[in-house]
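# Breakdown of the fold
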Amino acid sequence: MPGKLAIHGGTPVRKTIVPYGHQWIDSDDSQAVTDVLKTDWITQGPKVEEFEHVVSKYCHAKYAVAFSSGTAALHAAAFTAGVSYGSDVITSPITFVADGNCVLYLGGTVKFSDINPDTYNIDPGNIKTTLTSKTKALIPVDFAGQPCDLDEINTIASDHRIPVIEDAAHSLGAEYKGKKIGGLADFTVFSFHPVKAITTGEGGMVLTNYEEFYEQLLMFRTHGITKDPRKLKRNEGAWYYEMQELGFNYRLTDLQCALGISQFKKLDTFIKRRRAIALQYNNAFSELQEITIPYEKKDVRSAYHIYVIQLQLERLTCGRKTIFDALRAENIGVQVHYIPVHYQPYYQQNLGYKKGNFPFAERYYERALTLPLFPRMTDGDVEDVIEAVQKVISYYRRD
Ligand SMILES: *Cc1c(COP(=O)(O)O)cnc(C)c1O
């Protein structure tokens, strides 16, 4: 018999909160950063290219450019993809706001395509019906770490001669049909925010197989400036540089890249641990009819950035908010990923979106709950989450 819920004054399953995600920094990581502090380079030294090389090699992509955040990386990729005033760009409504925002920064218009109700990723069939002659790029998202339908999306894009910017902020280390995510789209974008697979504090990266894109990305990262003699319109001497595009200061520092290199060594063990925890959850929750566990397609290997369940509201006496609040009271740091972007006031006021536009995304959102999942969780933490979910669900179960 489960105890009284903490939200009703009972004893919580845990004394302290377990967050939904957390970085794992060890003494190797700290050492790597302090080593750089003793060198001549605090920013833009050798660690930047070294980090880019480590990531591009692992992902089998030809080129990589580090950025100050995943959002900056998306902005640079969208710029390089040719997004500008008058461009439409298609993305998923179930993502972080950065995917739409990077289009708005460039004067473009955001078009959403509804998700697939099983994978929660953008549905290629819906992309086809959203696409018009004004569509200048696609930004699919590898939601929760599960790669999107890259073959179908790449085919649609090449049929229309438009580039694909894969938002892989969740899927560093994931695989699609036996290949690592990173070299499978025109642009692949990673984030190194602390909740992501590995961290540099803030940070991001764009991978590409095209030299022309690589050079544009480099320029965009540094104010649109080039010193490359092959690219200069004229050359007045060794001091000379030209600003040829309107870029930004989106550089990632040597300190951060040193942290990234050190963190990257642990990526595979991190992903392995994430997958082991996800499996434990799957085993525990597959018996609960009130919960739908994540569905992983046969031909992918998810990086399990987050573990999202769907509540079967028909089988419960309450809505998602009550379950959320009850789990928080048990000290389980549940979250919701994401509020559909077309619900955001800015998008509704400026782009005319409204509730009802994307039924699968909206149905998903009403039921979604993210449970804690990060490599540093102990077995005890995992057991606490399972116990708390079982306790709360059985209390609100509809008989
Ligand atoms: C984290 C994230 C981003 C943005 O990355 P930042 O490094 O925080 O700027 C973009 N898209 C998705 C899906 C993300 O989860």
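Residues numbered from 1 in each chain as written. Predicted model: local features only at pLDDT ≥ 70, side-chain atom pairs only at ≥ 80, totals over all residues. Heavy atoms only, no water.

### Here we look at the overall build of the chain
Of regular secondary structure, the chain possesses 13 helices and 15 strands. The globule rule puts the C-alpha radius of gyration for 399 residues at 21 Å, and the 22 Å found for the chain is close to it. Taking the principal axes of the C-alpha coordinates as reference, the chain spans close to 80 × 55 × 40 Å. The buried share among the 399 residues of the chain stands at 56%. Within the chain, residue pairs in contact and separated by at least 24 positions form 72% of the contacts whose partners lie at least 6 positions apart. Computed over 44 positive and 47 negative side-chain charges, the separation of the two mean positions in the chain equals 2 Å. (Helix = DSSP H or I, 4+ residues; strand = E, 2+ residues; numbered from the N terminus. Rg over C-alpha atoms; globule rule 2.2 N^0.38 Å. Buried < 20%, exposed > 50% of the residue type's maximum accessible area, 1.4 Å probe, protein only. Contact = heavy atoms within 4.5 Å. Lys, Arg positive; Asp, Glu negative; His and termini not counted. Charge placed at Lys NZ, Arg CZ, Asp CG, Glu CD.)

### Section: the layout of surface pockets
What the largest pocket holds in volume is close to 520 Å³. Residue lining of the largest pocket: 29 residues in total, with Phe 96, Val 97, Ala 98, Lys 196 and Tyr 338 positioned closest to the centre. Residue assignment for the lining of the largest pocket shows that the elements contributing at least two residues are α3 (70-80), α4 (98-105) and β8 (187-191). Examining the composition of the lining of the largest pocket, we find that three residues originate from one element, α3, more than from any other. (1 Å grid on protein atoms, 1.4 Å probe; cavity = no way out; pocket = protein on both sides within 12 Å on 5 of 7 lines; lining within 4 Å. Points joined across faces, edges and corners; volume = space filled by probe spheres on them.)

### Some thoughts on the site of the ligand
Near the ligand you find 14 residues, and of these Gly 70, Thr 71, Asp 167, Ser 191 and Lys 196 are the closest. Asp 167 has a polar side-chain atom sitting 2.7 Å from a nitrogen atom of the ligand. About the coverage of the ligand: the protein hides 92% of its 380 Å² of free accessible area. Taken atom by atom, the bulk of the ligand overlaps the largest pocket. Across the shell around the ligand, the residue classes tally to four nonpolar, seven polar and three charged. (Near = heavy atom within 4 Å. Polar contact = N/O pair within 3.5 Å; in protein donor to acceptor, adjacent residues only side chain to side chain. Areas by Shrake-Rupley, 256 points an atom, 1.4 Å probe, with all protein chains shown as cover. Sits in = over half its atoms within 2 Å of the grid points. Nonpolar A, V, L, I, M, F, W, Y, C, P; charged D, E, K, R; others polar.)

### Concerning empty space enclosed by the protein
Unfilled space is identified by rolling a water-sized probe across the atoms. Throughout the structure, instances matching the rule amount to two cavities of 30 Å³ or more. Lining the largest cavity are 14 residues, with Phe 143, Ala 144, Gln 146, Pro 294 and Tyr 295 positioned closest to its centre. Grouping the amino acids of the lining of the largest cavity by side-chain chemistry returns eight nonpolar, four polar and two charged. Empty space within the second largest cavity amounts to approximately 50 Å³. In terms of lining residues, the second largest cavity is bounded by His 22, Gln 23, Trp 24, Pro 194, Lys 196, Ala 197, Ile 198, Thr 199, Gln 263, Phe 270, Arg 274 and Pro 375. Class assignment for the residues of the lining of the second largest cavity results in six nonpolar, four polar and two charged.

### Topic: the domain arrangement of the chain
Many analyses report the size of an interface as the accessible area lost when the parts associate. Along its sequence, the chain is carved into domain 1 (6-23 + 267-395) and domain 2 (27-264). For domain 1 versus domain 2, the separation of C-alpha centres amounts to 27 Å. Counting residues at the interface gives 38 residues for domain 1 and 42 residues for domain 2. For the domain 1 face of the interface with domain 2, the top three residues by lost area are Leu 267, His 305 and Tyr 338, together amounting to 20%. (Domains from an automatic or database assignment. Buried area = accessible area lost by both parts, 1.4 Å probe.)

### Considerations on the packing of helix α1 (residues 27-37) against helix α8 (residues 254-264)
Between α1 and α8, the least distance of the axes is 8 Å, while the angle of their chain directions is 150°. In terms of their interaxial angle, α1 and α8 are classed as roughly antiparallel. Judged by the sense of rotation from one axis to the other, the crossing of α1 with α8 is right-handed. Contacts between α1 and α8 involve Asp 28, Asp 29, Ala 32, Val 33, Val 36 and Leu 37 from the first element and Asp 254, Leu 255, Ala 258, Leu 259, Ser 262 and Gln 263 from the second. Here the contact of α1 with α8 is built from residues that sort into seven nonpolar, two polar and three charged. (Axes fitted to C-alpha atoms, helices over the stretch in contact; angles between N-to-C directions. Parallel < 35°, antiparallel > 145°, perpendicular 65-115°, else oblique. Left-handed = near helix turned anticlockwise from the far one by under 90°.)

### A word on the pairing of strand β9 (residues 204-208)
Of all the five residues making up β9, five are buried; the element is thus mostly covered by neighbouring parts of the structure. Residues of β9 alternate between two faces, with Gly 204, Val 206 and Thr 208 on one and Met 205 and Leu 207 on the opposite face, all of them buried. Alignment of strand β1 (residues 63-67) against β9, held across five bridges, turns out to be antiparallel. By the bridge assignment for β9, Ala 64 is matched with Leu 207. (Pairing = 2+ DSSP bridges.)

### Looking at the packing of aromatic side chains
Tallying each qualifying case throughout the model produces 25 aromatic pairs. An angle of 50° between the planes, with centres 6.0 Å apart, marks the rings of Phe 112 and Tyr 347 as tilted. Taken together, the positions of Phe 112 in strand β3 (residues 109-112) and Tyr 347 in helix α11 (residues 345-351) put the pair 235 residues apart, joining distant regions of the chain. By the burial criterion, Phe 112 is buried, and Tyr 347 matches it. Taken together, Phe 96, Tyr 120, Phe 143, Tyr 338 and Tyr 364 form an aromatic cluster joined through their ring pairs. Cation over ring: Arg 320 sits above Tyr 365, and NZ or CZ is 4.7 Å from the ring centre. (Phe/Tyr/Trp six-rings, centres within 6.5 Å; stacked < 30°, edge-to-face > 60°. Lys NZ or Arg CZ within 6 Å of the ring centre and 35° of its normal.)

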